[in-house]
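Below are the chains, spelled out letter by letter.
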Amino acid sequence: MLATALVAMATLLAVPTAEAADAATPGGDVTEAVGEHGITWGPCEEDDTVECGTLAVPIDWSKPNGPTLDLALARRKATDPAARIGSLLTNPGGPGGSGVNNMLRPSGFSEEVQRRFDIVGYDPRGVARSNAVTCSASVYNEMPSPVMTSQADYDTWIAYNKRLRADCRKRTGPVYDHVDSANVARDMDAIRAALGDDKLTSYGVSYGTLAQQMYAELFPNRIRAMVLDSNMDHSLDVKAFQETEAATVQDSFDEFVAWCERDTDCVLHGRDVRALWKGLRDKAQRGELYYPGVTDRPLSAHNLLWLGVVLNEGPAWRQLAKALLALDGGPVPPDMPPPPGNGPVGGQYAELPTAVLCEDYNLGLRNYREYAEVMRSSNALAPDMRYNPMPMGDMPICQGHPVNNPQHRLRYTGSAPLLLGNSLHDPDTPYAWSANVARQLGPKAVLLTYEGWGHGVYGMTGCTTAAMDDYLISLTVPAPGSRCPAEEPEG
């Protein structure tokens, strides 16, 4: 999954150029800061078949001998030590996705990849166990509506964001100002060095690809293999970012409607799905739509849109159809998804991974008029979905937030081939994003196209998985223009 980004451009952290970083021996500047093999592994409390550990890294990489934070890691060791190639560093995206939690679940990688690699997950800085960006629940729960309708709404957000940032920075500490993906890339190199790998082998999906892209820029000669699955495009301005997101979520909704028209297993087969959806949207806009089992507050039109995103990620079209029927007064299915979108949090604290997005993307808008123009152009591209609620909902939070890693075109100077993948019909990361990233990375980048649906193509079909496995294991790169045929989803 993804999100958004931000506004006032702050000073960029001093970073080594790719040439300077790679002039050092493998590990070079990072081993000086974190020490060689600096991870102490032990059984994870949640699952003693998985190893957990921490690695201390500088909070501010421009001050390598300054204060540190502990990155949380988890590892499943190669099932065939004699055939082991090295470590495979993974990032599940988000932002806010926990790589440690991913390791505590059954592996999504093939048996052959599990046989040949120690699979390592980590919580990126500012996430989960790695000094999560933390705010007071009382302040977080005062968040205004994510959809603005006036200049007064814009002014309210600007004032609220000042209070929110001050509170989150106080509770998070100095890490708050250093959670962008360029810093995560430096952490990746520290992990690589601590694992004892001369070069990095990595897999990232969705927002996790942005840290990989930054790694490719900063450390181009330290890459063995890199799979970038369902890419972020870090070259887009605010309008292009939201427009492409709106177009891709509308495309996924169109594919759902087309499936429902052709498949009699759809519980809405034979009905006007677009009219039903519009009716639910209108009812939610009036404050009259309630989610099954939730009686204390209506479902907002913004949160309703999340169903059209999340249930197209698999995709889970049968579940989406049944959920829409239930919202329209039909039976509530046993697999009814939890209420979509964001709401108030309980307890004392709330995590805010959106801060990561706000430090990576300048999505700042000067006033409500600019916001309304972005919303109008998105609405025009998405007549049913209107906009993608993830980035559009995060954008207000990023107003006034400093940017450490603003958008730019990528520059990759390494010799290792890079493998990108994307489905044609992805509700989160448009196919055009991966195509554009491949062009920016240059002739060493190959884009594998899955002609079907959903978000994240590794494990989607035998074709996509085999191509990525062959690359990770034997460095066999698919031919340029390679495509995997669509397979009708079962869910």
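Everything below is about the structure shown above.
This section reports on the structure supplied with the text. Bear in mind that the values here come from a model prediction, so they are computed numbers and not experimental data.

About the thresholds
- Residues numbered from 1 in each chain as written.
- Predicted model: local features only at pLDDT ≥ 70, side-chain atom pairs only at ≥ 80, totals over all residues.
- Heavy atoms only, no water.
- Disulfide = S-S within 2.5 Å.
- Buried < 20%, exposed > 50% of the residue type's maximum accessible area, 1.4 Å probe, protein only.
- Helix = DSSP H or I, 4+ residues; strand = E, 2+ residues; numbered from the N terminus.
- Core = buried A, V, L, I, M, F, W, Y, C linked by side-chain atoms within 4.5 Å.
- Contact = heavy atoms within 4.5 Å.
- 1 Å grid on protein atoms, 1.4 Å probe; cavity = no way out; pocket = protein on both sides within 12 Å on 5 of 7 lines; lining within 4 Å.
- Points joined across faces, edges and corners; volume = space filled by probe spheres on them.
- Nonpolar A, V, L, I, M, F, W, Y, C, P; charged D, E, K, R; others polar.
- Phe/Tyr/Trp six-rings, centres within 6.5 Å; stacked < 30°, edge-to-face > 60°.
- Salt bridge = Lys/Arg side-chain N within 4 Å of Asp/Glu carboxyl O.

1. A few points about the state of the cysteines
For the structure shown, the criterion picks out five disulfides. With a sulfur-sulfur separation of 1.8 Å, Cys260 is cross-linked through a disulfide to Cys266. What sets the handedness of the Cys260 and Cys266 disulfide is the S-S torsion sign, and at about -60° it is left-handed. The exposure class of Cys266 is buried, given its relative accessible area of 3%. A disulfide bridge connects Cys358 with Cys398, and the sulfur atoms are separated by 2.0 Å. Taking the sign of the S-S torsion, about -80° here, the bridge from Cys358 to Cys398 comes out left-handed. Note that Cys358 is positioned in helix α13 (residues 354-360) and Cys398 in the loop between α15 (389-394) and β10 (418-425), a separation of 40 residues in sequence. With its bonded cysteines labelled in order along the sequence, the protein chain shows the pairing 1-2, 3-4, 5-6, 7-8, 9-10.

2. What to know about the nonpolar core
Judged by nonpolar contacts, the single largest core of 142 residues is most densely connected at Phe256, Leu268, Leu304, Leu324, Leu327 and Leu420. Considering each element in turn, this core owes the most residues, nine residues, to helix α9 (residues 238-262). Setting aside chain neighbours within four positions, we find Leu327 in contact with Leu280, Leu289, Tyr290, Tyr291, Pro292, Leu299, Leu304, Leu307 and Met336.

3. Some remarks on the environment of Gly330
Tracing the backbone through its elements, the reader meets Gly330 in the loop between α12 (317-327) and β9 (349-351). Residue Gly330 is classed as partly exposed on the basis of its relative accessible area of 21%. Sequence separation of Gly330 and Asn131 is 199 residues, and the distance between their C-alpha atoms is 44 Å.

4. A short note on empty space enclosed by the protein
A probe as big as a water molecule, rolled over the atoms, marks out the empty space that is left. One pass over the structure, following the stated rule, counts three cavities of 30 Å³ or more. Lining the largest cavity are 14 residues, and of these Asn91, Pro95, Pro124, Tyr207 and Val356 lie nearest its centre. Elements with a minimum of two residues in the lining of the largest cavity: α7 (181-195) and α8 (208-218). Size it by volume and the second largest cavity reaches roughly 40 Å³. Every residue along the wall of the second largest cavity is listed here: Asn161, Leu164, Arg165, Tyr176, Leu352, Ala355, Cys358, Ile397 and His401. Mapped onto the lining of the second largest cavity, the elements with two or more residues apiece are α6 (151-172) and α13. In terms of residues, the lining of the second largest cavity owes the most to one element, α6, which gives three residues. Of the residues assigned to the lining of the second largest cavity, the class counts are six nonpolar, two polar and one charged.

5. With respect to helix α16 (residues 431-441)
Residues lying three or four places apart along an α-helix face the same way, a consequence of the helix completing one turn every 3.6 residues. For α16, the buried fraction is high: eight of the 11 residues fall into the buried class. All of the buried residues in α16 are Trp433, Ser434, Ala435, Asn436, Val437, Ala438, Gln440 and Leu441. Against α8, α9, β10 and β11 (445-453) lie the buried residues of α16. Phi for Gly442, located one or two positions after α16, is positive at around 95°.

6. With respect to the layout of surface pockets
By volume, the second largest pocket amounts to about 540 Å³. Around the second largest pocket sit 24 residues that line it, and Asn102, Gly108, Tyr203, Val205 and Tyr458 are the ones nearest its centre. Considering each element in turn, the lining of the second largest pocket owes the most residues, three residues, to helix α3 (residues 99-103). Residue composition of the lining of the second largest pocket, by class: nine nonpolar, 12 polar and three charged.

7. Quick notes on the packing of aromatic side chains
Across all of its chains, the model carries 13 aromatic pairs by this definition. Geometrically, the ring pair formed by Tyr215 and Phe219 is tilted, given 5.0 Å between the ring centres and 50° between the ring planes. Just as Tyr215 is buried, Phe219 falls in that class too. Summarising the aromatic geometry, the rings of Phe241 and Tyr361 are spaced 5.0 Å apart at their centres and angled 50° between planes, so their arrangement reads as tilted. Pair noted here: Phe241 is in helix α9 and Tyr361 is in the loop between α13 and α14 (368-381), with a separation of 120 residues, a long-range link. A single burial state applies to Phe241 and to Tyr361, both of which are buried. Three or more aromatic residues joined by ring pairs form one cluster here, namely Phe253, Phe256, Trp259, Trp277, Trp317 and Trp453.

8. Overview of unusual backbone geometry
Cis geometry is found at the peptide bond from Gly94 to Pro95, where omega equals 0°. Mapped onto the elements of the fold, Pro95 is located in the loop between β4 (86-91) and α3. Look at Ala128: it is not a glycine, yet its phi comes out positive at around 50°. Mapped onto the elements of the fold, Ala128 is located in the loop between β5 (117-122) and β6 (134-136).

9. Thoughts on the pattern of salt bridges
Per the stated rule, a full pass over the model turns up 28 salt bridges. Across the pair Arg129 and Glu46 runs a salt bridge, and its minimum N-O distance is 3.7 Å. Taken together, the residues Arg129 in the loop between β5 and β6 and Glu46 in the loop between β1 (42-43) and β2 (51-58) connect sequence positions 83 residues apart. Of the residues examined, Arg129 reaches a relative accessible area of 38% and is grouped as partly exposed. Judged by relative accessible area, which is 52%, Glu46 ranks as exposed. For Asp335, the salt bridge goes to Lys322, with nearest N and O atoms at 3.3 Å. In this pair, Asp335 sits in the loop between α12 and β9 while Lys322 sits in helix α12, placing the two residues 13 residues apart along the sequence. By relative accessible area, which is 31% here, Asp335 ends up partly exposed. Beyond isolated ion pairs, a larger network of salt bridges with shared partners links Asp80, Glu112, Arg115 and Arg116.

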